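Given next are the chains, with one letter for each unit.
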Amino acid sequence: MENNKKIILSGIQPTGVFTLGNYLGAVRSWKQMQEDYNCYYFIADLHSMTIHIDPQKRRQQTREAFALLLACGIDPEKSLVFVQSHNKCHAEMGWIMDCCSQFGELSRMTQFKDKSSKHPDNINAGLFTYPALMAGDILLYQADYVPVGADQTQHLEFTRDVATRFNHTYGEVFKLPEGYFPKAGARVMSLQDPTSKMSKSDTNPKATISILDDEKTILKKFKSAVTDSEACVRFDPEAKPGVSNLMTIYSAITGKTMEEITAEFAGRGYGDFKTAVGECVAEALRPVREKYEELMQERTYLEEQMRRGAEIADKISRRTLTKTKKKIGLLLEK
Ligand code: TYM
């Protein structure tokens, strides 16, 4: 990938089947970027260790997540796709970034506050230093843009802060990455509690659309989505979070503006609107589901792609890691 194209990097945790939020907020735009950028995408299995998962399940979910990325249209001939832990540079850079991060700034991260309140029995140090590992992921590859959903904004700001501090203290090593947020779909909310984001780990299955749900399930979940009693399709996230969330999803898939959607459903009940949203989502996800079924039958192919991805990822990132170690004054092994 030696050319003048800008570098895109992003990751996703293997903590369950991707949701419609992951898809619209991130992975769909990853696919679109493959033609114009050098794209590096990975399964963030080291990040998933901040939550307890049964080991057998973790292995399985990592394989599935890799296959899901390919099913979503990430083409290993065009993009680099790999599993984070297969490239040892991430763990090494993660420690370096830990030592460049301040307790105060890590304490302000909303994701840490959220996750530690959800899992009070497992507030591990990794959960706290998670943003430092993520900063390392990004800086290792000298990424120009990081396409993510809006929930990752704070982590990106943190990455820029740490990179600036490092460059200032030890000399220029890292490029400062910019976030890249899709115009529509950057924040998809839960169908049952539209004030919190749609999340893979939600315990209420009606709250999330998994990208492998079949058409019937998708329609059913949208039918039972929480709305309001006004019976008017208009965009107002404060007063009408449920309807506004459905409009965001519909707009992200059809490309229609909020005004167009309001006009389309004027004088019609929420029933029609929910069915229309469900149908367009089911139609958009059908090819992903079909491709995924095919790929899961091809274990050798998936393993070969993982091996190849890890090898290339190591080659690219090792350059930055070595330069970083030299700047810090770590004695390099001969
Ligand atoms: P993760 O696995 O939580 O989510 C993967 C991507 O999906 C986006 N996303 C959403 N977008 C819109 N609406 C939602 N409801 C929604 N839920 C999730 C996330 O913003 C993300 O882009 N920390 C990252 C993984 C990571 C990473 C990185 C990303 C590790 N290292 C380096 C970029 C660069 C995470 O937990 O994503």
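Residues numbered from 1 in each chain as written. Predicted model: local features only at pLDDT ≥ 70, side-chain atom pairs only at ≥ 80, totals over all residues. Heavy atoms only, no water.

Novice: Teacher, can you tell me more about helix α12 (residues 270-296) here?
Specialist: Counting along an α-helix, one turn takes 3.6 residues, and residues three or four places apart therefore face a common direction. With 27 residues, α12 should reach 39 Å at 1.5 Å per residue; the first-to-last C-alpha distance of 38 Å fits that figure. The axis of α12 is deflected most strongly, by about 35 degrees, at Leu 285, and proline Pro 287 appears within four residues downstream. (Helix = DSSP H or I, 4+ residues; strand = E, 2+ residues; numbered from the N terminus. Expected span 1.5 Å × (residues − 1). Bend = angle between axes of the 7 residues up to and from the residue.)

Novice: I'm lost on the environment of Leu 331 in this one. Help?
Specialist: For Leu 331, the location among the structural elements is in the segment after α13 (299-328). Sequence separation of Leu 331 and Ala 313 is 18 residues, and the distance between their C-alpha atoms is 23 Å.

Novice: Whenever I open this one, unusual backbone geometry confuses me. Can you help?
Specialist: Note on backbone geometry: most residues besides glycine have negative phi, and most peptide bonds are trans. The phi dihedral of Gln 142 is positive, around 50 degrees, even though this residue is not glycine. One can find Gln 142 in the loop between α7 (125-140) and β4 (145-147). A relative accessible area of 18% places Gln 142 in the buried class. Not every positive phi belongs to a glycine, and Ala 231 is a case in point at roughly 55 degrees. By secondary structure assignment, the location of Ala 231 is in the loop between α9 (215-223) and α10 (241-254). (Buried < 20%, exposed > 50% of the residue type's maximum accessible area, 1.4 Å probe, protein only.)

Novice: It is not clear to me how the pattern of salt bridges should be interpreted in this structure. Could you clarify?
Specialist: Side-chain pairing between opposite charges can occur once the charged atoms of the two side chains come close. Evaluation of the coordinates by the stated rule reveals 19 salt bridges. Residue Asp 213 is joined to Lys 221 by a salt bridge in which the shortest nitrogen-to-oxygen separation is 2.7 Å. On the basis of relative accessible area, Lys 221 is assigned to the buried category, the value being 11%. Members of the salt-bridge network, linked through shared partners, are Asp 228, Glu 230, Arg 234, Asp 236 and Lys 240. (Salt bridge = Lys/Arg side-chain N within 4 Å of Asp/Glu carboxyl O.)

Novice: I would appreciate a short explanation of the packing of α9 against α12 in the present structure.
Specialist: Packed helices, taken two at a time, are described by the angle between their axes plus the distance between the axes. As a packed pair, α9 and α12 sit with axes 9 Å apart at the nearest point and diverge in direction by 150 degrees. When the interaxial angle is binned, α9 and α12 end up roughly antiparallel. Helix-helix and strand crossings are classified by hand; for α9 and α12 the assignment is right-handed. Counted together, Glu 215, Ile 218, Leu 219, Phe 222 and Lys 223 of α9 and Lys 274, Thr 275, Val 277, Gly 278, Glu 279, Val 281, Ala 282, Leu 285 and Arg 289 of α12 form the full contact between these two elements. Here the residues of the contact of α9 with α12 sort into seven nonpolar, two polar and five charged. (Axes fitted to C-alpha atoms, helices over the stretch in contact; angles between N-to-C directions. Parallel < 35°, antiparallel > 145°, perpendicular 65-115°, else oblique. Left-handed = near helix turned anticlockwise from the far one by under 90°. Contact = heavy atoms within 4.5 Å. Nonpolar A, V, L, I, M, F, W, Y, C, P; charged D, E, K, R; others polar.)

Novice: What is the right way to look at the side chain of Ser 101 in this model?
Specialist: With respect to the helices and strands, the residue Ser 101 is situated in the loop between α4 (89-98) and α5 (103-107). Judged by relative accessible area, which is 10%, Ser 101 ranks as buried. Here Met 97 takes part through its backbone oxygen, which lies 2.6 Å from a polar atom of the side chain of Ser 101. (Polar contact = N/O pair within 3.5 Å; in protein donor to acceptor, adjacent residues only side chain to side chain.)

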